[in-house]
Amino acid sequence: MRVESLYLRDFRNYSEASISFAEGINLICGSNAQGKTNMLEAVYMLTGGRSFRTRFDREMIGFDALSAEIKAEIFASERKQKLEISLKRGLKKEIRLNGVKKSSGELGETLKAVLFCPDDLNLIKDGAAARRRLMDMAICQLRPGYSKLLSDFNKLYENKSRILRDFKENPSMLDTLDDFSRSLALVSARMIRYRASFARRLAETAFPIHSEFSGRGEELEIKYSTVSTVKDPTASVEQIFGEIMEHQQSHRSAELSSGSCLTGAHKDELEISINGRAARSFASQGQTRTAALSIKMAEREIILAETGEPPVLLLDDVLSELDARRQEFVLNRIGGGQTLITCCEDEDISQRTGGRVIMVENGRVI
């Protein structure tokens, strides 16, 4: 699968731009703050109608504009297709695939991408939210129904958190607390099954990649953990739901006292260890970067195995953060599919990859 062309109108700092991409490696070059990451963001939007930088569509619309457009010609499922996303202030975005209206979740069935940015190099050392985000971004593309689950969870979590935070000033809010707790537990049960399945595949796929990358001297282990009462995160939704409700009931008083939600999928974690030791606590910077690279490459391999097509790989200024050995590891593994790489200088990487160079200056493609 690949993006053949992209048209942007009033998207971020692009008033209007048309870009054609090569099938293999594309280098998006320019100085800082010129619009390179904005271009990758537009491409990523095509995979699920979501930005990897903001939750709010309005932030992607140009400052003086009322709307923005993303149009693309893509090749996926062995045929050319057209994708269009229209963003309007105060209105729900509109998505069309070959002229037919689609939901955000349905986009993942057509085009898939793996994003790797400098923040991902901190994936191991950052808090659990970073690793939940890794799972969610991948699963949204692999399982279209997950996107709605994630949206429902976020809304329920915000509502329940508001009740726990404000009920002392407005006691009547407690009348709906149990309903929100039950709904949150049910959505959490469904999310946990998806996450547990993905985590298992990630562990199996990342292990050999990391072994090769580290010279077969280190072993990477990834384990999924969730609500403590859940005995088997791959069990039926009904069983997981009952176990979450057990946890919820035992923590109800604690939630009321603390004013925060203590039960649900927002407590999930990927526990990552290297040679049996917790990577977050004991791994060196070099080890954590090697592990992060292995995990992102594994994500790409999972999508390839699932679809038979390599996903579009988006490398946002990540190569400049890596030493020569790790750069070579990434560059040696990105063959066979389309890759978009943003960088400030093009000469060295262009010579090493033979990629097509696209120069960007102040929201214009030169």
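Reading the values: rules and limits
Residues numbered from 1 in each chain as written. Predicted model: local features only at pLDDT ≥ 70, side-chain atom pairs only at ≥ 80, totals over all residues. Heavy atoms only, no water. Patch = residues over 30% accessible without salt bridge, like charges linked within 9 Å, V, L, I, M, F, W, Y side chains within 5 Å. Areas by Shrake-Rupley, 256 points an atom, 1.4 Å probe, with all protein chains shown as cover. Salt bridge = Lys/Arg side-chain N within 4 Å of Asp/Glu carboxyl O. Helix = DSSP H or I, 4+ residues; strand = E, 2+ residues; numbered from the N terminus. Buried < 20%, exposed > 50% of the residue type's maximum accessible area, 1.4 Å probe, protein only. Axes fitted to C-alpha atoms, helices over the stretch in contact; angles between N-to-C directions. Left-handed = near helix turned anticlockwise from the far one by under 90°. Contact = heavy atoms within 4.5 Å. Nonpolar A, V, L, I, M, F, W, Y, C, P; charged D, E, K, R; others polar. Pairing = 2+ DSSP bridges. Core = buried A, V, L, I, M, F, W, Y, C linked by side-chain atoms within 4.5 Å. Phe/Tyr/Trp six-rings, centres within 6.5 Å; stacked < 30°, edge-to-face > 60°.

**Some remarks on a nonpolar patch on the surface**
A cluster of nonpolar residues, Val 357, Met 359 and Ile 366, forms a patch on the protein surface that exposes about 250 Å² of accessible area. Mapped onto the fold, Ile 366 is located in the segment after strand S15 (364-365). The exposure class of Ile 366 is exposed, given its relative accessible area of 60%.

**Considerations on the packing of helix H4 (residues 145-166) against helix H5 (residues 177-213)**
Closest axis-to-axis distance for the H4/H5 pair is 9 Å, and the angle between their directions is 145 degrees. The handedness of the crossing between H4 and H5 comes out as left-handed. When H4 is examined against H5, the residues Tyr 146, Leu 149, Leu 150, Phe 153, Leu 156, Tyr 157, Asn 159, Lys 160, Ile 163 and Leu 164 are found in contact with a partner set consisting of Leu 177, Phe 180, Ser 181, Ser 183, Leu 184, Val 187, Ser 188, Arg 190, Met 191, Tyr 194 and Arg 195. Residue composition of the contact of H4 with H5, by class: 14 nonpolar, 4 polar and 3 charged.

**Some details on the sheet that holds S15**
Judged by pairing direction, the sheet is mixed, and its 6 strands sit side by side in the order S8-S12-S13-S3-S14-S15 without closing on themselves. Each having just a single partner strand, strand S8 (113-116) and S15 make up the two edges of the open sheet. Bridging between S8 and strand S12 (residues 312-316) involves 4 bridges; their strand directions are parallel. Counterpart to Ala 113 in the pairing with S12 is Val 312. Against the sheet, helix H9 (residues 285-307) contacts S8 and S12, and its axis sits at roughly 170 degrees relative to S8.

**Quick word on the nonpolar core**
Among the nonpolar cores identified, the biggest contains 76 residues, and Leu 202, Ile 222 and Ile 295 are the most heavily contacted of them. Broken down by element, this core gets its largest block of residues, 15 residues, from H5. One finds Phe 11, Met 39, Ala 42 and Ala 68 within the second-largest nonpolar core, a separate group that totals 41 residues.

**Here's the deal with the packing of aromatic side chains**
Scanning the model with the defined rule gives 4 aromatic pairs in all. Plain terms: the ring middles of Tyr 44 and Phe 52 are 5.6 Å apart, the flat faces sit at 90 degrees to each other, and that makes the pair edge-to-face. Side by side, Tyr 44 and Phe 52 carry an identical accessibility label, which is buried. With centroids separated by 6.1 Å and ring planes inclined at 10 degrees, the aromatic side chains of Phe 153 and Tyr 157 adopt a geometry described as stacked. Of this pair, Phe 153 and Tyr 157 are both found in helix H4, 4 residues apart, which corresponds to roughly one turn of the helix. You can call Tyr 157 partly exposed: its relative accessible area is 29%.

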